[in-house]
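Descriptive analysis of the structure
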Amino acid sequence: MHELSIAEGLLDIIKEEMAKNNVTKLLSIKIVHGQMASVVPEALDMAFKALTVDTPMEGVRLEMEEIPTRVRCCQCKLEFSPVEDDIYLMTCPQCGAELGHEILSGKELYIESIEAE
Ligand SMILES: [Zn+2]
């Protein structure tokens, strides 16, 4: 379960931001994650709960937005989104090439916004 280490990393950033802005109570955060970052929202939510219990950040509301994978075919340059269960072997719908495509999006993992007071 890599969500725990992701949550730890994100919490470090959040703590820094909160200190900078002189706020102590964390209300909600919005996290954007690419399909290829393979984050399980429920697992990340659980990790956050576990890490923030008995801290000023307890009870934070987690919003998650998933960005679909987009790649550009290495052969015919077609841009496409691989189907869900074909995420590792991305077969191009036009020419059938499977490997070496350029990843355009889907690897993102970042905090889009923090709401605190
Ligand atoms: Zn192609």
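Residues numbered from 1 in each chain as written. Predicted model: local features only at pLDDT ≥ 70, side-chain atom pairs only at ≥ 80, totals over all residues. Heavy atoms only, no water.

The name given to the protein in an unreviewed UniProt entry is Hydrogenase maturation factor HypA, with Desulfoplanes formicivorans as the source organism. Its UniProt record, at the heading Function (unreviewed entry), says of the protein: "Involved in the maturation of [NiFe] hydrogenases. Required for nickel insertion into the metal center of the hydrogenase." Looking at the protein in UniProt, the text filed under Sequence similarities (unreviewed entry) is "Belongs to the HypA/HybF family." (UniProt positions renumbered as here; feature names shortened; annotations may be inferred.)

**Examining the nonpolar core**
Ranked by size, the top nonpolar core spans 18 residues in total, and within it Ile 14, Leu 26, Ile 29, Ile 31, Leu 44 and Phe 48 carry the most contacts. Of all the secondary-structure elements, those providing two or more residues to this core are helix 1 (3-20), strand 1 (26-34) and helix 2 (41-52). In terms of residue count, the dominant contributor to this core is helix 1 (6 residues). Among all residues touching Ile 14, those that are not within four sequence positions of it are Leu 26, Ile 29, Phe 48, Met 57, Ile 111 and Ile 114. Core analysis: the next-biggest nonpolar cluster, separate from the first, contains 6 residues, Cys 73, Phe 80, Met 90 and Ala 97 among them. (Core = buried A, V, L, I, M, F, W, Y, C linked by side-chain atoms within 4.5 Å. Buried < 20%, exposed > 50% of the residue type's maximum accessible area, 1.4 Å probe, protein only. Helix = DSSP H or I, 4+ residues; strand = E, 2+ residues; numbered from the N terminus. Contact = heavy atoms within 4.5 Å.)

**With respect to the coordination of the zinc ion**
Taken together, Cys 73 (SG), Cys 76 (SG), Cys 92 (SG) and Cys 95 (SG) make up the full set of protein donors to the zinc ion, lying 2.2 to 2.3 Å away. Donor residues binding the zinc ion come from one chain and are separated in sequence as C-x2-C-x15-C-x2-C. Owing to a relative accessible area of 27%, Cys 76 belongs among the partly exposed residues under this scheme. (Donors = N, O, S within 2.8 Å, 3.2 Å for Na, K, Ca; no water.)

**A closer look at the pattern of salt bridges**
Summed over all chains, the structure comprises 7 salt bridges. The shortest N-O distance in the salt bridge between Glu 17 and Lys 20 comes to 3.2 Å. Of this pair, Glu 17 and Lys 20 both sit in helix 1, separated by 3 residues, roughly a single helical turn. Taking relative accessible area as the criterion, Lys 20 reaches 60% and is therefore assigned exposed. Put simply, Arg 72 and Glu 102 hold a salt bridge, and the shortest N to O gap is 2.9 Å. Placement of Arg 72 in strand 3 (residues 70-72) and of Glu 102 in strand 5 (residues 102-105) is noted, with a sequence separation of 30 residues between them. Since its relative accessible area comes to 26%, Arg 72 is described here as partly exposed. (Salt bridge = Lys/Arg side-chain N within 4 Å of Asp/Glu carboxyl O.)

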